[in-house]
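Examining the three-dimensional arrangement
For reference, the chains in residue letters:
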Amino acid sequence: ENIEITKLLSGIIAITEQQAEKKDIEFTATIDDSIYMRADHDRLKQVFINLLNNAINYTPVSGKVELVVKENQEVVEITVSDTGIGIPEEVQNRIFERFYRVDRARSRNTGGTGLGLAIVKHIVEAHKGTIHVESRLDQGSTFRIEIPVSRQV
Ligand code: ATP
Ligand code: MG
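Thresholds, definitions, all that
The residue numbers shown here count from 1 along each chain, following its written sequence. To read the labels, note that chains go from A and ligands from 1, taken in the order they are written. Reporting in this predicted model follows two pLDDT cut-offs: at least 70 for local features of residues, and 80 or more for side-chain atom pairs to be given and counted; totals over whole chains, interfaces and linings ignore these cut-offs and use all residues. Only DSSP runs of H or I covering at least 4 residues are called helices, and only runs of E covering at least 2 are called strands; the numbering of each starts at the N terminus. Here the C-beta atoms are placed from the backbone, and a residue counts as buried if at least 20 other C-beta atoms lie within 10 Å of its own, exposed if 12 or fewer do, and partly exposed otherwise. Remark: residues whose backbone-derived C-beta atoms lie within 7 Å of one another are considered to be in contact. Any residue whose backbone-placed C-beta atom lies within 6 Å of a molecule or strand is treated as near that molecule or strand. Three residue categories are used. Nonpolar comprises Ala, Val, Leu, Ile, Met, Phe, Trp, Tyr, Cys and Pro, charged comprises Asp, Glu, Lys and Arg, and polar comprises the others, including Gly. Whether two strands pair comes down to DSSP finding at least two bridges between them. Fitted lines through C-alpha atoms serve as axes, helices being fitted only where they are in contact, and the angles separating the N-to-C directions of these axes extend from 0 to 180 degrees. Any nonpolar core is a set of buried residues, restricted to Ala, Val, Leu, Ile, Met, Phe, Trp, Tyr and Cys, that join up through C-beta atoms within 7 Å. The crossing is said to be left-handed when, going from far helix to near helix, the turn is anticlockwise and less than a right angle, and right-handed when the turn is clockwise.

1. Description of the overall build of the protein chain
Scanning the protein chain from N- to C-terminus turns up four helices and seven strands. A principal-axis box enclosing the C-alpha atoms of the protein chain has dimensions of 50 × 30 × 25 Å. Buried residues in the protein chain amount to 31% of all 153 residues. In the protein chain, once contacts between residues fewer than 6 apart in sequence are set aside, the share between residues at least 24 apart is 67%.

Structure follows, in structure tokens:
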């Protein structure tokens, strides 16, 4: 499918704004105009939903969450950053494993299954993309995805 990103994101951004408001989180979304890419619409949507849900869930009240999507030389760059609880350095490579959750005690009340990021990684790789995380405990996290647009001719 040929996807237009602002269109795919409109509903997700509205929902994220509502969730952010409930926690007094400042949410900003900066999306380049007319980014078209070849992708599976529903699965790409799941990538954004999972990353934004995490950013909101793992950020305490009055924090900040930011979504940036831009295109750079036929590559779509998706960045989701937050000022949340962060991820300890030594487990940053494990969070993409199925069912892995950092410190069950601290994430117990968020009631997740530990599948969200495994799904994200799987979808990104199916689109020939990459995902990386940068995070500092108690400072926040940034997830960066790059996917080639592979425009249909
Ligand atoms: P769900 O399957 O409902 O998404 P989950 O959020 O626990 O459950 P993942 O989304 O795969 O599972 O995330 C795995 C773990 O990585 C989380 O349990 C959490 O400990 C950590 N994590 C993910 N995103 C963030 C973030 N933005 N800030 C801090 N920790 C995070
Ligand atoms: Mg999750």
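2. Quick look at the site of ligand 1
Near ligand 1 lie 22 residues; those nearest to it are Tyr58, Arg101, Val102, Gly112 and Gly116. Listed by contribution, the elements that provide at least two residues to the shell around ligand 1 are helix 2 (41-57) and helix 4 (116-126). Of the residues belonging to the shell around ligand 1, the class tally is ten nonpolar, ten polar and two charged.

3. A closer look at the sheet that holds strand 7 (residues 140-148)
The five strands are arranged 2-4-5-7-6 in an open sheet whose pairing can be described as mixed. Every other strand in the sheet has two partners, leaving strand 2 (26-31) and strand 6 (130-136) as the edge strands with one partner each. Neighbour-to-neighbour, the strand axes of this sheet turn through a mean angle of 10 degrees, independent of strand direction. Across the sheet, helix 1 (residues 5-22) touches strand 2 and strand 4 (64-72), and the angle it forms with strand 2 is around 175 degrees. Strand contacts of helix 2: strand 4, strand 5 (75-82) and strand 7, with the helix running at about 20 degrees to strand 5, the strand carrying the most contacts.

4. A few points about the environment of Asn53
Within the fold, Asn53 resides in helix 2. Each C-alpha atom, one on Asn53 and one on Ile87, is 15 Å from the other, the two residues being 34 residues apart in sequence.

5. Considerations on the nonpolar core
In this structure, Val47, Leu51, Leu52, Ala55 and Val80 are the most contacted members of the largest nonpolar core, which totals 32 residues. Only helix 1, helix 2, strand 4, strand 5, helix 4 and strand 7 provide two or more residues apiece to this core. Tallying contributions element by element places helix 2 first for this core, with seven residues. Contact partners of Leu51, with chain neighbours within four places excluded, come to Val80, Val120 and Phe143.

6. What to know about the packing of helix 2 against helix 4
Viewed as axis vectors pointing N to C, helix 2 and helix 4 meet at an angle of 145 degrees, and their least axial separation amounts to 9 Å. Considering how the two elements wind past one another, helix 2 and helix 4 form a crossing that is left-handed. Across the interface between the two elements, Arg43, Gln46, Val47, Asn50, Leu51, Asn53 and Asn54 from helix 2 touch Gly116, Leu117, Ile119, Val120, Ile123 and Val124 from helix 4. Partitioning the contact of helix 2 with helix 4 into residue classes produces seven nonpolar, five polar and one charged.

Treat this as a map of the structure, not an account of what it does.
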